[in-house]
Amino acid sequence: MTDIAGRIDAANQEALRRIFAGDPVLVDVVPAAEAIPALWERMILHAGPPVDWSRMCGPMRGAVAGIAVFEGWAPDLEAAAQMAGEGAFDFQPNHHFDAVGPMTGMTTISQPVMVVENRAFGNRAFCTINEGLGKVMRFGGNDAEVLDRLRWLRDGFGPAMGKALRSGGGIPLKPLVARGLTMGDEMHQRNVGCTGLMLRALSPAMAASAGDLKELSRALAFIGGNDQFFLNIAMAMGKAIMDPVRGIEASTVVTAMSRNGTDFGIRVSGTGDTWFTAPVEMPEGLYFPGFTEADANPDMGDSTIVETVGLGGFAMGAAPAVAGFVGAGTASEAANFTRAMAEITLAENPEWTIPALDYRGVPSGIDIRLVVETGLAPTINTGIAHREPGIGQVGAGVVRAPLACFRQALKAFAGQMGVA
Amino acid sequence: MAAQDTASETRKGYSVPSNDRSPVNDLLDMPLRVVNIGLESFADDLTAEGAEVVHVDWAPPAGGDPELAALLAKLGA
């Protein structure tokens, strides 16, 4: 082994050690401004690598207009869009502020965010509360129904969930995800098991601290009625696990994959916080009745942090039901997705295992060298938004990360290592 | 090999069977069991003809890009 290869190997072993040592615990729900002190009026955090208004896709623009009305920065959607075009809002990526957000990924000062603390390293990561399926802000929805739900999450549900979490000292997520994998979840497009486990963990404390039984009933029904409730928790968990892996000199491990609906971006441990970007791909999947591929927006969201830690498309073998939902074929084909991702990762997670694959661990530690060498792009399970603002989710599918991101990253990494 | 034993040289240097009944013809008369490497469409065509095919999903490193392949070699991939 050459000196360079040896340095990379040692750095990557350290990256894997940090991934597997992570101890993420869901500890609280607080207003975003409290979690992220750098947030200020008219600042909007979005999914993906940096993007300005002129390059934002339709659903991202719809969400921006909606959140501006929600925060009281604009009187209506039309005025909000005009203000955005005139530069009234400061757009920044969630990833730059210890946060992640699904699809459009709107995070602003008054929204409640769930707090996941990585107790092995002391860092925290944040994500808003999942709104449910269909016409919701993360898919670009922005009408009165969407904004009313956000107000309830801010004023009712969020504080109640935060109070329950604080009273119980938090909910450890690694064992919960391990059980979810045995219940058919992959934590991106299927969160039925983990949502049920979270409801079971949260409801006694929520009941104990409830002042209004009708409100308690509404809150519990909201969790129980949303199969994807756990997704946002899994995302904050992924961010909390991967952030301590950033900045390991000579490591080729991917620390973030993210999309803003226009660009796909990745970050690599050894190249720090630089984004390597390429145009996003179009998901291939299944559409809700009345919608087709012609309605679809390209790939979007910070939710690919789930794949970055070895879940989602990487754990497809654990979730045969989702393979059908996202149009990825049969149960045996689902297993093939996981086996393929093992070709581009450095190890298997010893604690997150898949029964149907003889308890092999989920593929972990994406190595840019292996992606470029094999030409196997990471597989991502994703929801599909309508390409126009204001409509919402129209389907779900599978999409690949663009290889161009990994090729760019490899060249930059090689330059940094003095290899030409 | 039997094929070499029965081959003669043409003016262009290609080996050709010296009789009508080459081992290749014998092979094609038997049920085929094929390992296909690379282009999957070759395997699909054979499968459509009823042949038993194992496809190996292979591509040159870095998709055949010499610059990236050289970098990968230096980076220990």
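To keep things clear, this report deals only with the structure shown in the data block. Each chain carries its own residue numbering, running from 1 in the written order of its sequence. Lettering of chains starts at A and numbering of ligands starts at 1, both following the order in which they are written. Local features in this predicted model are restricted to residues of pLDDT 70 or higher, and side-chain atom pairs are both shown and tallied only at a pLDDT of 80 or more, whereas totals for entire chains, interfaces and linings draw on every residue. Excluding hydrogens and water, the side-chain values take into account all heavy atoms of the structure.

**A word on the pairing of strand β1 (residues 24-31) of chain A**
Residue and element names in this part refer to chain A. For the record, the criterion: Here's how the labels work: a residue is buried when its accessible area is under 20% of the maximum for its type, exposed when over 50%, partly exposed in between, all with a 1.4 Å probe on protein chains only. In DSSP terms, a helix is any run of H or I states spanning at least four residues, a strand is any run of E spanning at least two, and both are numbered starting from the N terminus. Only strands joined by at least two bridges in the DSSP assignment are considered to pair.
Counted residue by residue, β1 has seven buried out of eight residues, so it is predominantly covered. Relative to strand β5 (residues 112-118), β1 is paired through seven bridges, and the arrangement is antiparallel. From the neighbouring strand, V29 faces β5, where its bridge partner is M114. Summarising the sheet, β1 and strand β7 (residues 171-172) pair through two bridges and their orientation is antiparallel. Paired with V25 across the two strands is P172, which belongs to β7.

**So, the interface of chain A and chain B**
How we decide: Only heavy atoms matter for contacts: two residues are in contact if any of them lie within 4.5 Å across the pair. Once two parts are joined, some of their accessible surface, as seen by a 1.4 Å probe, is lost; buried area is that loss totalled over both. Throughout this description, the term salt bridge denotes a Lys or Arg side-chain nitrogen within 4 Å of a carboxyl oxygen of Asp or Glu. Polar contact is the term for a pair of N or O atoms within 3.5 Å; when the atoms are in protein, one must be able to donate a hydrogen and the other to accept it, and sequence-neighboring residues count only if both atoms are side-chain atoms.
Taken together, the contact between chain A and chain B spans 14 residues of the former and eleven residues of the latter. Buried area between chain A and chain B, summed over both chains or domains, comes out near 1,200 Å², and the portion from carbon and sulfur atoms is 71%. On the chain A side of the interface with chain B, the three residues burying the most area are R369, E373 and K411 of chain A, jointly 38% of the side's total. Linking chain A with chain B are one salt bridge, by the criterion used here. The partner of E67 of chain B in a salt bridge is K411 of chain A, with the nearest N and O atoms 3.7 Å apart. There are three residue pairs in polar contact (both at pLDDT 80 or more) connecting chain A and chain B.

**Section: the packing of helix α6 (residues 174-182) of chain A against helix α7 (residues 192-208) of chain A**
All names here are of chain A. Threshold: Interaxial angle, 0 to 180 degrees, is taken between N-to-C directions of lines fitted to C-alpha atoms, where a helix line uses only the stretch in contact. Oblique is the label for any angle not under 35 degrees, not over 145, and not in the 65 to 115 range, which are roughly parallel, roughly antiparallel and roughly perpendicular in turn. Each crossing gets its hand from how the near helix is turned against the far one by less than a right angle, where anticlockwise is left-handed and clockwise is right-handed.
Viewed as axis vectors pointing N to C, α6 and α7 meet at an angle of 135 degrees, and their least axial separation amounts to 8 Å. Relative to α7, the element α6 is oriented oblique. The hand of the α6/α7 crossing is right-handed. Counted together, L176, V177, R179 and G180 of α6 and C194, L197, M198 and R200 of α7 form the full contact between these two elements.

**Some thoughts on the pattern of salt bridges**
If you walk through the whole model with that rule in mind, you get 22 salt bridges over all chains. Beyond isolated ion pairs, a larger network of salt bridges with shared partners links K135, D143, E145 and R149 of chain A.

**Describing the packing of helix α3 (residues 58-70) of chain A against helix α5 (residues 144-168) of chain A**
All names here are of chain A. The contact between α3 and α5 brings their axes to 10 Å, and the two run at 55 degrees. As summarised for this structure, α3 and α5 are arranged oblique, according to the angle between their axes. Relative to α5, α3 is oriented so that their crossing is right-handed. On α5, the residues touching G66, I67, V69 and F70 of α3 are L147, L150, R151 and R154.

**Observations regarding the sheet that holds strand β12 (residues 300-301) of chain A**
Reading across the sheet, the four strands line up as β10-β9-β8-β12 (chain A) and stay open at both edges, with antiparallel pairing between neighbours. Edge strands, defined here as strands with exactly one partner in the open sheet, are β10 (276-279) and β12 of chain A.

**Looking at the environment of A328 of chain A**
Residues and elements named next belong to chain A. Here A328 is to be found in the loop between α11 (320-325) and α12 (331-342). Taking relative accessible area as the criterion, A328 reaches 11% and is therefore assigned buried. Counting along the chain gives 53 residues from A328 to N381, while the straight-line C-alpha distance between them is 9.3 Å. The residues touching A328, leaving out its near neighbours within four places in the chain, are M316, A323, E333, F337 and V398.

**Brief notes about a nonpolar patch on the surface**
Filter applied, for reference: Nonpolar side chains (Val, Leu, Ile, Met, Phe, Trp, Tyr) within 5 Å and like charges within 9 Å form the patches, drawn only from residues with over 30% relative accessible area and no salt bridge. We get accessible surface area from the Shrake-Rupley algorithm with a probe of 1.4 Å; when it comes to residues, only the shown protein chains can shield them.
On the surface, V24, L27, L28, M30 and L32 of chain B cluster together to form a nonpolar patch covering roughly 460 Å² of accessible area. Secondary-structure assignment places L27 of chain B in helix α2 (residues 23-29).

**Notes on the sheet that holds strand β16 (residues 393-400) of chain A**
To summarise the sheet geometry, strands pair through backbone hydrogen bonds and adopt either a parallel or an antiparallel arrangement. Residue and element names in this part refer to chain A. Overall, antiparallel pairing links the three strands, which are arranged β11-β16-β15 in an open sheet. Unpaired on one side and paired on the other, β11 (284-287) and β15 (379-385) mark the two borders of the sheet. Looking at each pair of strands side by side, their axes are set apart by 20 degrees on average, direction ignored. Bridge count between β15 and β16: seven bridges; the pairing is antiparallel. Residue N381 lies in a different strand from β16, and its bridge partner there is V398.

**Some remarks on the packing of aromatic side chains**
Residue and element names in this part refer to chain A. As a reminder, the rule being used: Pairing of aromatic side chains requires ring centres within 6.5 Å, counting the rings of Phe and Tyr and the six-membered ring of Trp. Pairs whose planes differ by under 30 degrees are stacked, by over 60 edge-to-face, and all others tilted.
What the rule picks out here adds up to eight aromatic pairs over all chains. Aromatic side chains W73 and F89 sit 6.0 Å apart centroid to centroid with 35 degrees between the ring planes, which places their arrangement in the tilted category. One end of the pair, W73, is in the loop between α3 and α4 (77-85); the other, F89, is in the loop between α4 and β3 (90-93), with 16 residues separating them in the sequence. Each of the two residues, W73 as well as F89, counts as buried. Taking the centre distance of 5.9 Å and the plane angle of 80 degrees together, the rings of F157 and F229 count as edge-to-face. Taken as a pair, F157 in helix α5 and F229 in the loop between α8 (213-224) and α9 (231-242) lie far apart in primary sequence, 72 residues in all. F229 shares its class with F157; the two are buried.

**As for the environment of L16 of chain A**
Residue and element names in this part refer to chain A. Position of L16 relative to the elements: it lies in helix α1 (residues 3-21). In this structure L16 comes out as buried when scored by relative accessible area, which is 5%. Spatially, the C-alpha atom of L16 lies 7.9 Å from that of S364, the residues being 348 residues apart in sequence. Those residues in contact with L16 that lie beyond four places of it in its chain are L346, A347, S364 and G365.

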